[in-house]
Amino acid sequence: ALGASAQTTWNFSNWTAGTYTADFSKDGLSVYAGDAKNAEGTKNTEDIVIDGNSKTVDGVKYTQRLKTGGAATATGKRALSFDVTGPSTITVIATSSNSTDTRTLIFGENAIGTVGEEGVNIGTLSIGTGNPVAYTFNYTGTGGTIHMCSASGGINFYAISVAPSEGGG
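The rules behind each value
- Residues numbered from 1 in each chain as written.
- Predicted model: local features only at pLDDT ≥ 70, side-chain atom pairs only at ≥ 80, totals over all residues.
- Heavy atoms only, no water.
- Helix = DSSP H or I, 4+ residues; strand = E, 2+ residues; numbered from the N terminus.
- Buried < 20%, exposed > 50% of the residue type's maximum accessible area, 1.4 Å probe, protein only.
- Contact = heavy atoms within 4.5 Å.
- Salt bridge = Lys/Arg side-chain N within 4 Å of Asp/Glu carboxyl O.
- Pairing = 2+ DSSP bridges.
- Axes fitted to C-alpha atoms, helices over the stretch in contact; angles between N-to-C directions.

Q: Before we go on, may I ask you to explain the side chain of His 147 in this structure?
A: Along the chain, the position of His 147 falls in strand S12 (residues 144–150). Its relative accessible area of 10% is what places His 147 among the buried residues. The residues contacting His 147, other than those within four sequence positions of it, are Tyr 32, Leu 80, Ser 81, Ile 106, Phe 107, Gly 108, Asn 110, Ala 111 and Ile 112.

Q: Quick question: what am I supposed to make of the environment of Lys 26 here?
A: Assignment of secondary structure puts Lys 26 in strand S3 (residues 24–26). Exposure remark for Lys 26: the relative accessible area of 30% places this residue in the partly exposed category. Considering only alpha carbons, one finds Lys 26 and Trp 10, 16 residues apart in sequence, at a separation of 8.9 Å. The residues contacting Lys 26, other than those within four sequence positions of it, are Trp 10, Asn 14 and Trp 15.

Q: Is there a simple way to think about the pattern of salt bridges in this case?
A: Here the idea is simple: oppositely charged side chains can pair when their charged atoms come close. Under the definition given, this model contains three salt bridges. Its salt-bridge partner being Asp 23, residue Lys 77 comes within 2.9 Å of it at the nearest N-O pair. Within this pair, whereas Lys 77 is found in the loop between strand S6 (60–67) and strand S7 (79–84), its partner Asp 23 is found in the loop between strand S2 (18–20) and S3, the two being separated by 54 residues in sequence. Residue class for Lys 77 comes out buried when judged on its relative accessible area of 17%. The class for Asp 23 is partly exposed, based on a relative accessible area of 41%. Three or more residues joined by partner-sharing salt bridges are found here, namely Asp 51, Arg 65 and Lys 67.

Q: I keep staring at the sheet that holds S7 and nothing clicks. Help me out?
A: The strand order S3-S4-S7-S12-S9-S10 describes an open sheet built from six strands, whose pairing is antiparallel. Here the strands that pair on one side only, and so sit at the sheet edges, are S3 and strand S10 (121–127). Taken pair by pair, the neighbouring strands of this sheet meet at an average axis angle of 20°, ignoring direction. Bridge count for S3 against strand S4 (residues 29–32) is three bridges, and the pairing is antiparallel. Bridged to Ser 25 within S4 is Ser 30.

Structure, rendered in structure tokens:
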């Protein structure tokens, strides 16, 4: 869990590149990946991929990204989570994986949310196309596990930061 005054940043440039087909955690960030196959049995449909991709955002150079590869699955794959102890500011450096379609990033509290799900879904961000930019979400709850996933398609994350805040909205 994040402490009262600590900021945590996960910069995917510092992670090991590869294709992940099972859940794992690193430095307090849980990544939910699976090895389900498509209908033809020819490729995995729940992989999380970390690969090379150079972008500069607000003066910070990123050399890798984490790709969700699609929307969250019914079994909770293609999602990320981390614990917070109270109100927090969550910043994601991200872009849609598609050059023309924006993506909806869903925030769920203590479970993976879906659009419009009461009691779990605590908010959304619209993730644009093109170069990644910083998006901010203010969590105002008392603490728990925050889950993030896409409602419709892939999102490419370059970094995620979480810092305690005094509330927000």
